[in-house]
Every structure is written in structure tokens, then in C-alpha cells.
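Each chain is listed here by its residues.
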Amino acid sequence: MRMLVFPYSHDCEPIIRHAGMLMPCYEIVALVSPGGWGLAGKKVTMGDSGVVLPIYEKVQEVTEEFDSLFIPAFEVFDEEVEDRLTDEMVRLIPHLLNVVCAAHFSDKNRKKLGDACRCSNPSCTFLYFLENRRPEEYGLTLPDEEYPPLQAINVPAVIVAGAWEKTDKFEISLALRERFLKNGYSVSQVGSREGCEMFGFHSFPGFMFRKDVDIIDKIIYFNRWIVRLTEEEQSDLVMISIPGAMQNFNEQFTRGFGMLHHQVFQAITPDALVVCTFYMPNITEDVGDMSTFCKYRFGAPVDVFHMSNLLVDLNDSEESNRIVTNSIYRKDVSEAVAKGAAISPIPIFNGLDSTDCNRMFEVILEKLTPKEVQAVL
């Protein structure tokens, strides 16, 4: 597939930076970001390939040939904006072979896209990654017991969790995956975003988001699913990145109270826990509190922190009734990490810096390596 990415936003940057990890059938050839999003007219480099792509404002400006449309996850707070973007996509469909969708749409617009593929271009495949399939569709069933036991996972498990959304969980998991693979390890992986199959691993299973599946059953299903993945893929380890936030921010911003994280930690005991945080000016106090929280809430202390560049704007958040963040310069994040690393009781890194990420990988690898093996090495 030669893919046009529309609408392109900052949330697509991990995909661009790790474009070399995409499955061979996916090739990104053009980017379009709507006017007003602040990206049109800029250029981006595709991973390590050196290929530079311009960011267009309108689809009509694209000069590269493409036969497929990739719709990444995007965030809009106005229904009219989503309607406009959907109409633009529908106009493209008669000329496409594939539509790959990883975005949350209203039921109305999702139906409009699907109908356009079926009616205006029956040869166009509509691949929608957000199907919340039932456990049975994953080949999972519950044993006939009142309280089924958990099954043992016979490989080390790494969990990547987030203090909140958009704290780089997806990109950190991609960066760690790249390093594990380069060092000869096979990895069973579950990602925190839709469309992870484009990178050769699994999106978070849909049954975990279904309201008609009992919470206790979800824990058993997830445990059995992970065990099956590791056995079928004969992997050396499993890495799980959990969507959403691991706790509520405050009484106003609850965001599910971290229930999805709770279910995963009940199903899987990690051998290494990576937590992605907001920008933390008071590193020593913050990391200690967060590790203690994880230890007593989830039964697993934090092994490694990644500091993102997001800083919460409390005043704007309260006024708009949603979490509003400001982006700190990555250079400032690196400086804060460098200052804090010397005094932090827990290793903390800027995982988007290549050197720091290498160090993070080494800490995790040492954590996963049995002590008797380390003694021999």
C-alpha cells in the first residue's frame, strides 16, 4: 500500500519516527494536515531512511501517487470538524484500493465511510482497527469453574504504563521493541494504540473495552490470551503497553480511575515496569510517590521512568473541563532528567533521546536477566 496519511497531527510523529519498523506492505508516501493545525508547510524525515516528506494542507496539493488512505487517531472537539474531514475522505474513496482506519469516529461518520467503500468503490477494502470484538472472536472461552485460576506466563513480562494519556507510551514501546529485536530477542507485544498490526504486533484486545463482559472475566480472558500469544509466537518475552491513564488525575478528571491498568496487573505480574509520566519539576518527590502508588495499587514498583514533555495547565483544564497540557521543549526535558537522574532513587530517562533510550533498555534487560546468568556474564 502506498499510503496518504490524513489527517496528519503531532500524534502521528511516533509512526513517522519509526517508519522503518512498519510491515513491508505499508509505505507512507504523503501527509496532509488540515489548515489551522499548525503543521502544513513543514517537512518531516521518515525514520532513519533520510526520506523527507512535505506536509500539505489540502489533499489536492499532493503530488505523490498513492493508492491507500491511512486515517490515524486524531482529536477534535467539534462535530462539524469531524464531519468535514469525513466528507473529504469519502471524496477520496472512489480512487483508492484500501482505507486503513485507526481513528475513533462517531457512529454516523463511521457508517458513512463504510458505506462509501461498499457503494462507490466495492473494490476498496475498509480495514477498521477499532472493532471491540467479543472474547469468542479471539478464540477465548472461560473454563467451567466458579473461580478460574490464572495461567503462568513462562517468559519475562514488561509492562509500559502511563500516568496519563499522551505521555509517549506508544513510542517508548516501539523504541524498546526495536532494541530487543536488534539484540536478537523475539517479542510478543500488545500496544496501547489501534493499528499496531501495521508494525507487526497486536493492538490492545477489544474485549477489554466491552461493557457486556464482566470485569473479572476480562482478567481471566486477558491472562489466557497473553499466555496463548507467547506460546504460539515462541517469544523470549512479552511487552504490554496499556491504553489510558493508570489513575484519576483528581476528582474532576477521573478518566476511568485506572481500572484498565488494574485489570492488566491482575492478569499479568510484570518482571519490569516502565512508567511514562508528565514533565516533573520535583523529580525526587514525584517518582517516589508514583512508585509507592504502583507498588500498593498494582503490586509492582516502578523500575524505570520516562519523562514526557507534557505539563498540565490546571487553570485551563478547570475552565475547559478537560485536561489541557503544554508542551515543554525536549531539550528542557533532557536537562531536567540529567539533573534529576543523580538524585532520583529510581532510574529516570528521556526515552525519546536515543542515548537515554539505550540506557533505559540496558536497565530493563538487566532486570529481566536472571542473576545467575549475570554472574556468568
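Details of the structure are given in the entry above.
A brief structural summary.

This paragraph deals with helix α5 (residues 215–233). With 19 residues, α5 should reach 27 Å at 1.5 Å per residue; the first-to-last C-alpha distance of 27 Å fits that figure. Three or more residues of α5 are buried, namely Lys218, Ile219, Ile220, Tyr221, Phe222, Asn223, Arg224, Trp225, Ile226, Val227, Leu229 and Thr230. Buried positions along α5 lie against β9 (187–191), β10 (202–203), β11 (237–241) and α6 (259–267). N-cap assignment for α5: the residue whose side-chain oxygen lies 2.9 Å from the backbone N of Ile216 is Asp214.

What follows is about the sheet that holds strand β3 (residues 43–45). Taken in spatial order, the seven strands of this open sheet run β3-β4-β2-β1-β5-β6-β7, and their pairing is mixed. Strands with a single pairing partner mark the edges of an open sheet, and in this sheet they are β3 and β7 (125–128). For this sheet the average axis-to-axis angle between neighbouring strands, irrespective of direction, equals 25°. Pairing geometry for strand β6 (residues 98–101) and β7, over four bridges, is parallel. Bridge assignment links Cys101 to a residue of β7, and that residue is Tyr128. Of the strands in this sheet, β5 (68–71), β6 and β7 touch helix α3 (residues 107–119), which is tilted by about 150° from β7.

Within the fold, Lys218 resides in helix α5. Summary of buried charges: Lys218 has no salt-bridge partner, and the nearest side chain of opposite charge, Asp212, is 7.3 Å away. In terms of polar contacts, Lys218 uses its side chain to reach the backbone carbonyl oxygen of Met208, at 3.1 Å. Filtering out sequence-adjacent residues up to four positions away, Lys218 remains in contact with Phe207, Met208, Phe209, Arg210, Val213 and Gln263.

Where nonpolar side chains cluster on the molecular surface, the patch consists of Ile215, Phe257 and Met259 and spans about 260 Å² of accessible area. When its relative accessible area of 32% is taken as the criterion, Met259 is described as partly exposed.

Below, the discussion takes up the nonpolar core. Counting 54 residues, the largest nonpolar core has Leu4, Tyr8, Ile28, Leu31, Leu69, Ile71 and Met89 as its most contacted members. Among the elements that take part in this core, strand β2 (residues 27–32) stands out by supplying five residues, more than any other. Discounting residues that sit within four places of it in the chain, Leu31 has contacts with Leu4, Val5, Tyr8, Ile16, Val44, Leu53, Pro54, Ile55 and Tyr56. Ala157, Ala161, Trp225 and Phe298 belong to the second largest nonpolar core, which has 46 residues in total.

Criteria and cut-off values
- Numbering of residues starts from 1 in every chain and runs along the sequence as written.
- Since the coordinates come from a predicted model, pLDDT governs what is reported: local features require at least 70, and pairs of side-chain atoms require 80 or more to be given and counted, while whole-chain, interface and lining totals use all residues.
- Computation of side-chain values: all heavy atoms of the structure, hydrogens and water removed.
- Put simply, DSSP H or I for four residues or longer makes a helix, DSSP E for two residues or longer makes a strand, and each gets a number counted from the N terminus.
- One less than the residue count of a helix, multiplied by 1.5 Å, gives the span that helix is expected to have.
- Accessibility here uses a 1.4 Å probe with only protein chains present; expressed as a share of the type maximum, an area under 20% marks a residue as buried, one over 50% as exposed, and anything in between as partly exposed.
- It only takes one pair of heavy atoms within 4.5 Å for two residues to be counted as in contact.
- What qualifies as a polar contact is a pair of N or O atoms within 3.5 Å, subject to a donor-acceptor requirement within protein and to the restriction that residues adjacent in sequence count only when both atoms come from side chains.
- Should DSSP find at least two bridges between two strands, the strands are taken to pair.
- An axis is simply a line fitted to the C-alpha atoms; with a helix, the fit covers only the stretch in contact. Between two such axes, the angle follows the N-to-C directions and lies from 0 to 180 degrees.
- Only four residue types enter the charge count, namely Lys and Arg as positive and Asp and Glu as negative; His and the chain termini do not.
- A side-chain nitrogen of Lys or Arg and a carboxyl oxygen of Asp or Glu constitute a salt bridge if their distance falls within 4 Å.
- Patch rule: a residue counts if its relative accessible area is over 30% and it has no salt bridge; like charges are joined within 9 Å, and nonpolar side chains (Val, Leu, Ile, Met, Phe, Trp, Tyr) within 5 Å.
- Using a 1.4 Å probe, accessible areas were evaluated by the Shrake-Rupley method; residue-level cover was limited to the displayed protein chains.
- Joining through side-chain atoms within 4.5 Å is the link that ties buried Ala, Val, Leu, Ile, Met, Phe, Trp, Tyr and Cys residues into a set, and such a set is a nonpolar core.

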